[in-house]
Amino acid sequence: MGTADQACLAAFRETAQRFAQKELKTRALDFDRYPYAEFNAGVVRAAREVGLSQVLLPEERGGTCQGMEVFSEILFFLAEADASVAAILLINALGQGAILKWGKPSLQEKYLSADLLAFPVYDSPSDLPKGMEAEKKGNGYVLKGKVEYLALAPVAEAAVIPAVLKGTEKIAFFLVDLNNPGISRSAPVLSLGLRGVPAADLETAGLEVPADNLLCPDAGSEYPGLAARFRPAAAALAVGVAAGSYEAAKAYTRERYQAGKIIIDHEMVRLLLSNVAVIAESGRTIFGAMARAVDEGREELLGETGLILSTELASRAVSDGVQALGGYGYIEDYGQEKRMRDAKQIESFFGPAPVKRLELLEGIIRREK
Amino acid sequence: MSQLNFDQDERFDFDDNFPSLAALAKYEPTIVERVRKSWEDERHFVREHLAPLVLSEDLQHAQNPDHISWEMLRLAGRHGRLVQYIPGFMGGKGNSLGISMMVNLEEQASVDCAFCGMMGGHGLGLAAVFMSLNLGVLRRVADRIAEHQNDEKPYVIDCAITEPTAGTDVEEVELYPKARLMCQAKHASGGAVLNGRKVFISTGHMATDHIVIMPFDQKNAENTMGCFLVSNGTPGFSLGRMERKMGQRAGSASELIFDNCLVPEENILLAQEQFPEEKFKQQFKLVLHGVLGITRTAVGAWSTGTARGAFDRALYLAKRIKYKGRTLIHQQWAQAFLTNMHINVMMARGAYLNSQFVLMRGFERIPLVIGFPSWMNDSAILYWLFRQNWYRKFLGSRWMHGQIMDYVRSSISEDQDARVQQMSSLAKVVGSDMAMENCQLATEFLGQAGLRHDQGVEKIFRDAKLLQIFEGTNQLNRLNIFTHYLARHIPGVEVF
């Protein structure tokens, strides 16, 4: 997987733009009513049909073997219209990434073609939760305990979940089939943002899984590497939301009057718009560079810093995107309030924002030792 | 069903929350004691009675956007919250809009910002009725509130100012000439006819009567303003859509539609043209400034409570969430976040208390603002008089109205008005910015717990944003501080 060639990148960009325009733009608000409206399984399927969701998979697994640059670019354009659908692709791809990296061929065969995979995207890679325990039994394992706030759990076929290996300090990743009656899913949890991305708590009093379903016995040390590869995609999601907010704010402030002037002609409004413009415009270069570094196998601090910068700036800027519309920003009609919620939700991908900052410094200090 | 829980935090008592107020006790112990008692009563109410409803009500709004929080309004009615700010002789509890209202608002908002929004719509209506100084209508409204506070659907009012194409512009008298107004009243036999649409009217779908503000002449709005009471069921009046807001859903945001709606004479609270004397020219500005002085300070207090609500939840959860095996509360970085949030609360509180003191100085002759004297609450003669028809008529007469307007006008100097304008805008801006900031911080440092509805943080995040937008956007309020305060000392400066 090397750098994407320009023609290929342009083709995916066009597909993503067209898809966003046709499938997402007018329906984003409806998808956002989940769990009080249907999950938009149809759109997820449609994204797969036009080739947007399997791009990271190798060809023999039905993918197009693209890199992070292409994937991030796709997510950016989808997120501009509806961050939830973009986030679904990202979370599902993380699940696929885990199976591809650690799963036996039989497991790959079975689950890489699954409609959706749940994945603990809100957990910090260096601080995976310990609510679930796995005990060796015969040829397999028995899982007991709880996994909280697992993204896509209500709608996915299978889930990648962390569990402490009994008798050790290590946290492993297991693949569990969510259709197994031994595991129960809570009612969907209502979230601040990304409401189109269902999340739920999982609980089991004793779920037997085959030994092959142990994906990675030491996720605590191996998962950070996989998560690092997906940072550009998460950044692209945040920047996409900011870009959507920026366009909507510009369009609105060009039409409305206040104090006898078009709103955008007020300097205070321009200052608000500039806050959104800064991240919406420069963010594309940042996540692009992050993605190329991943595709070329370069380990750069830009991965950590770029994710912090784009998610934090975007989540603050979209609040100004609401402000520019005044009362109309606060109601659902213009989509601005949804973007404000979505950006804040995205900020907690891979752990709370300050934890990402602490980890950045920990990494720097470790490397400089 | 999840609900808000609290740790026993008796350490954060009145003196911890209001150390500067406690200093006053040495000089004027009765005020401080009254405020403390009322605050303790409010704290008990919001924690024991309101808290169990907060998350379930909000969830019902998420399930059904047309849901109306009658249960919450009934709770307010049953606990006397709808008559709080009406003097005793009119049948109310007699807590004037003084320090007590401000610190109680903070307490309410710390548990549910949206409940404050619901109460705020009603309160704004009351403030408009009070400031219109029309005692005849005030008397009728006060009677109805008291009479129906225990009803299935308690009687509340609202205040309609904002129009579809004029939000910020109708918050400032100076901006009226440039506003794109669509509402206009017309004199007619027996009263006035209203036309146009009002939007984002808080509590609109809950109110029985609506206090509506619109000019008789759009082109000369600032000198022809009228204030009207329109009852549900009046021909030509209808409720339009209920907005789907990000948060603050307990109080509906409603559209009010007027299509040749006839308002009878006795429901015209104020028609500026009835007072053509030169001295009354600035009356509307004075009324609006007076209302905004109080309401912006109140939004400051409400915002402070919201900032504190975010802090309270964050503190509660920080004692329960772990990072790398250690509870957050024991970690330095988490303590830094919590301390920043606490500092934000204290700054916001300082701003609204300061503004309240400026109000008390600026409006010192107006009992509503500084506290009703005991004779207004306890006098049996006044209570009896108020219920006599001839006295009611006398109170509602144009002559009496003029006398009171005269009294109020002569009570407020231009300098005091400017200080009130500055401080109330400042309280509103600092408070709401701190509220939003604390929500950002809480969501950031709690991670998942900050995102789930059942933990009560994400709701505050959604509720808080409105505070920066209504009662004049924070942008307008910043300009207001410059125009009304700083510009006075900068000769020739151009203002916006």
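All of these numbers come straight from a predicted model, not from anything done at the bench.

## Section: the overall build of chain B
Within chain B one finds 18 helices and ten strands. Radius of gyration (C-alpha) of chain B: 22 Å, near the 23 Å computed for a compact globule of 496 residues. Burial statistics for chain B: of 496 residues in total, 64% are counted as buried. In chain B, the share of contacts with a sequence separation of at least 24, taken over all contacts with a separation of at least 6, comes to 75%. Total accessible area on chain B is roughly 18,700 Å²; 54% of this is exposed by carbon and sulfur atoms. Side-chain charges of chain B comprise 52 positive and 55 negative groups, with the mean position of each set lying 1 Å from the other.

## Some words on the overall build of chain A
A count of helices and strands for chain A gives 13 helices and ten strands. Its C-alpha atoms give chain A a radius of gyration of 21 Å, within 12% of the compact-globule value 21 Å for 369 residues. Taken over the C-alpha atoms alone, chain A extends approximately 80 × 50 × 40 Å along its principal axes. The 369 residues of chain A split such that 61% are buried. Counting contacts in chain A only where the partners sit at least 6 residues apart, residues at least 24 apart contribute 74% of the total. Split by element, the accessible area of chain A, about 14,000 Å² in all, is 50% carbon and sulfur. Computed over 41 positive and 49 negative side-chain charges, the separation of the two mean positions in chain A equals 1 Å.

## Some remarks on the sheet that holds strand β5 (residues 225-231) of chain B
Residues and elements named next belong to chain B. The four strands lie next to each other as β1-β4-β5-β8, forming an open sheet whose pairing is mixed. A strand with exactly one partner marks an edge of an open sheet, and here the two such strands are β1 (157-160) and β8 (268-271). The sheet shows a mean angle of 15 degrees between the axes of neighbouring strands, taken without regard to direction. In the sheet, β5 pairs with β8 via three bridges, with the strands oriented antiparallel. The residue of β8 that forms the bridge with Cys227 is Leu270. In this fold helix α6 (residues 113-132) packs onto β1, β4 (209-215) and β8, with an angle of close to 75 degrees to the strand it touches most, β1. Relative to β5, helix α7 (residues 135-148) is tilted by about 30 degrees, and along the sheet it contacts β1, β4, β5 and β8.

## Considerations on the sheet that holds strand β3 (residues 191-202) of chain B
All names here are of chain B. With antiparallel pairing, four strands are arranged side by side in an open sheet as β2-β3-β7-β6. Whereas interior strands pair on both sides, the edge strands pair on one side only; in this sheet they are β2 (184-188) and β6 (237-242). Here the strands of the sheet are splayed against their neighbours by 10 degrees on average, with no regard to which way each runs. Here β6 runs beside strand β7 (residues 253-264); their pairing, made up of four bridges, is antiparallel. If you follow Met242 over to β7, its bridge partner there is Ser254.

## Brief notes about the domain arrangement of chain A
Residues and elements named next belong to chain A. According to the domain assignment, chain A contains domain 1 (6-116), domain 2 (118-220) and domain 3 (230-368). Look at where the C-alpha atoms of domain 1 and domain 2 centre, and you get two points 22 Å apart. Counting from both sides, the interface comprises 26 residues of domain 1 and, opposite them, 25 residues of domain 2. With both chains or domains summed, domain 1 and domain 2 bury close to 2,300 Å², and 73% of this area falls on carbon and sulfur atoms. Applying the counting criterion to the domain 1 and domain 2 interface returns one salt bridge. Here Asp212 and Lys104 are joined by a salt bridge, their closest N and O atoms 3.5 Å apart. In this assembly, domain 1 and domain 2 are joined by five residue pairs in polar contact (both at pLDDT 80 or more). For the side of domain 1 that touches domain 2, the elements supplying multiple residues, two or more each, are α5 (83-102) and α6 (105-111). With eleven residues, α5 is the largest single contributor of residues to the side of domain 1 that touches domain 2. For the side of domain 1 that touches domain 2, a count of residues per class yields 17 nonpolar, five polar and four charged.

## A few points about the environment of Tyr111(A)
Residues and elements named next belong to chain A. If you trace the backbone, Tyr111 turns up in helix α6. Separated by 57 residues in the primary sequence, Tyr111 and Thr168 place their C-alpha atoms 28 Å from one another. Apart from the residues within four sequence positions on either side, Tyr111 is in contact with Ile99, Leu117, Ala158, Leu175 and Asp177.

## Details of helix α17 (residues 457-464) of chain B
The element α17(B) is extensively covered by neighbouring structure, given that eight of its eight residues are classed as buried. Along α17(B), the residues classified as buried are Val457(B), Glu458(B), Lys459(B), Ile460(B), Phe461(B), Arg462(B), Asp463(B) and Ala464(B).

## Considering the nonpolar core
Phe71(A), Leu78(A), Phe174(A) and Phe349(A) are the most contacted members of the largest nonpolar core, which totals 272 residues. Apart from residues lying up to four places away in sequence, Phe174(A) is in contact with Ala134(A), Tyr141(A), Leu143(A), Ala159(A), Val160(A), Ile161(A), Ala163(A), Leu165(A), Val209(A), Asn213(A), Leu214(A) and Leu215(A). Ala160(B), Cys183(B), Phe228(B) and Leu256(B) belong to the second-largest nonpolar core, a separate cluster that totals 18 residues.

Parameters and conventions
Residues numbered from 1 in each chain as written. Chains lettered and ligands numbered in written order. Predicted model: local features only at pLDDT ≥ 70, side-chain atom pairs only at ≥ 80, totals over all residues. Heavy atoms only, no water. Helix = DSSP H or I, 4+ residues; strand = E, 2+ residues; numbered from the N terminus. Rg over C-alpha atoms; globule rule 2.2 N^0.38 Å. Buried < 20%, exposed > 50% of the residue type's maximum accessible area, 1.4 Å probe, protein only. Contact = heavy atoms within 4.5 Å. Areas by Shrake-Rupley, 256 points an atom, 1.4 Å probe, with all protein chains shown as cover. Lys, Arg positive; Asp, Glu negative; His and termini not counted. Charge placed at Lys NZ, Arg CZ, Asp CG, Glu CD. Pairing = 2+ DSSP bridges. Axes fitted to C-alpha atoms, helices over the stretch in contact; angles between N-to-C directions. Domains from an automatic or database assignment. Buried area = accessible area lost by both parts, 1.4 Å probe. Salt bridge = Lys/Arg side-chain N within 4 Å of Asp/Glu carboxyl O. Polar contact = N/O pair within 3.5 Å; in protein donor to acceptor, adjacent residues only side chain to side chain. Nonpolar A, V, L, I, M, F, W, Y, C, P; charged D, E, K, R; others polar. Core = buried A, V, L, I, M, F, W, Y, C linked by side-chain atoms within 4.5 Å.

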